[in-house]
Structures are given as structure tokens and as C-alpha cells.
Amino acid sequence: MLSNVKVKDFYEALLNESASDAVLTREEALLILTKNANEAEECRDQHAAIKQLSDMEGWNAPKEAKLSGEIAVSEVVRRVID
């Protein structure tokens, strides 16, 4: 059935349409989280919604990663190119 080009195209269009309808836009997600933060009955729900909003909006300072270690050099080779 999918060997028919028209059927295959229609099937793929349906898949793409349903996938795009299932995904929230950034604005939709922000509206939902903002509503949850303002209407949360429990403090932890409100805190979780606000934390998610702050992560999405970049309100927090950038996370810093520190890297430390040692590199052992066993041999230094100098090559002269003519």
C-alpha cells in the first residue's frame, strides 16, 4: 500500500501533522509554567515551576565547569623540516 506514491505522501503528511501538533512551542510551555507557578497549591509545585522557567529563560548565572589534572610528557621530540 505504501508503494503507491500518493498513499505514501498522504501517510507522511499525516505523521508530520500529528508530530507538530504534539510539540509545545516555547511560548506555550512558558504560559503553562507561569500559570502553574501562580496557581500552585503546594510550595514545592510552585518552586518546581519557577525553577523550570528560570532554566528555560536563562535567569540563572551560567554554570561553571572546572577542569583540573596533570599531563605527563615522556619525550619531547624536535624535528627540523628542510
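Residues numbered from 1 in each chain as written. Predicted model: local features only at pLDDT ≥ 70, side-chain atom pairs only at ≥ 80, totals over all residues. Heavy atoms only, no water.

(A) Looking closely at the overall build of the protein chain. For the protein chain, the helix and strand inventory stands at three helices and zero strands. Counted from the first residue to the last, the protein chain has its helices and strands arranged as α-α-α. Within the protein chain, the fraction of its 82 residues that count as buried is 9%. With an accessible surface of roughly 8200 Å², the protein chain has 55% of that area assigned to carbon and sulfur atoms. (Helix = DSSP H or I, 4+ residues; strand = E, 2+ residues; numbered from the N terminus. Buried < 20%, exposed > 50% of the residue type's maximum accessible area, 1.4 Å probe, protein only. Areas by Shrake-Rupley, 256 points an atom, 1.4 Å probe, with all protein chains shown as cover.)

(B) Here's a closer look at the pattern of salt bridges. Inspection of every chain in the model, using the stated rule, returns one salt bridge. One salt bridge in this structure joins Lys-51 and Asp-55, with 3.1 Å as the shortest N-O distance. Residue Lys-51 and its partner Asp-55 are both found in helix α3 (residues 43-57); the two are separated by four residues, about one turn of the helix. The exposure class assigned to Lys-51 is partly exposed, which follows from its relative accessible area of 46%. The exposure class assigned to Asp-55 is partly exposed, which follows from its relative accessible area of 36%. (Salt bridge = Lys/Arg side-chain N within 4 Å of Asp/Glu carboxyl O.)

(C) Geometry of a nonpolar patch on the surface. A cluster of nonpolar side chains, Ile-71, Val-73 and Val-76, forms an exposed patch at the surface whose accessible area comes to about 390 Å². Looking at the element boundaries, Val-73 is found in the segment after α3. Here Val-73 falls in the exposed class, since its relative accessible area comes to 61%. (Patch = residues over 30% accessible without salt bridge, like charges linked within 9 Å, V, L, I, M, F, W, Y side chains within 5 Å.)

(D) Up close: the packing of helix α2 (residues 26-39) against α3. With their axes 8 Å apart at the nearest point, α2 and α3 run at an angle of 150° to one another. Between α2 and α3, the angle is such that the two are roughly antiparallel. Like other packed secondary-structure pairs, α2 and α3 cross with a definite hand, here left-handed. Taken together, the residues of α3 that come into contact with α2 (itself represented by Arg-26, Ala-29, Leu-30, Leu-33, Thr-34, Asn-36 and Ala-37) are Gln-46, Ala-49, Ile-50, Gln-52, Leu-53, Met-56 and Glu-57. (Axes fitted to C-alpha atoms, helices over the stretch in contact; angles between N-to-C directions. Parallel < 35°, antiparallel > 145°, perpendicular 65-115°, else oblique. Left-handed = near helix turned anticlockwise from the far one by under 90°. Contact = heavy atoms within 4.5 Å.)

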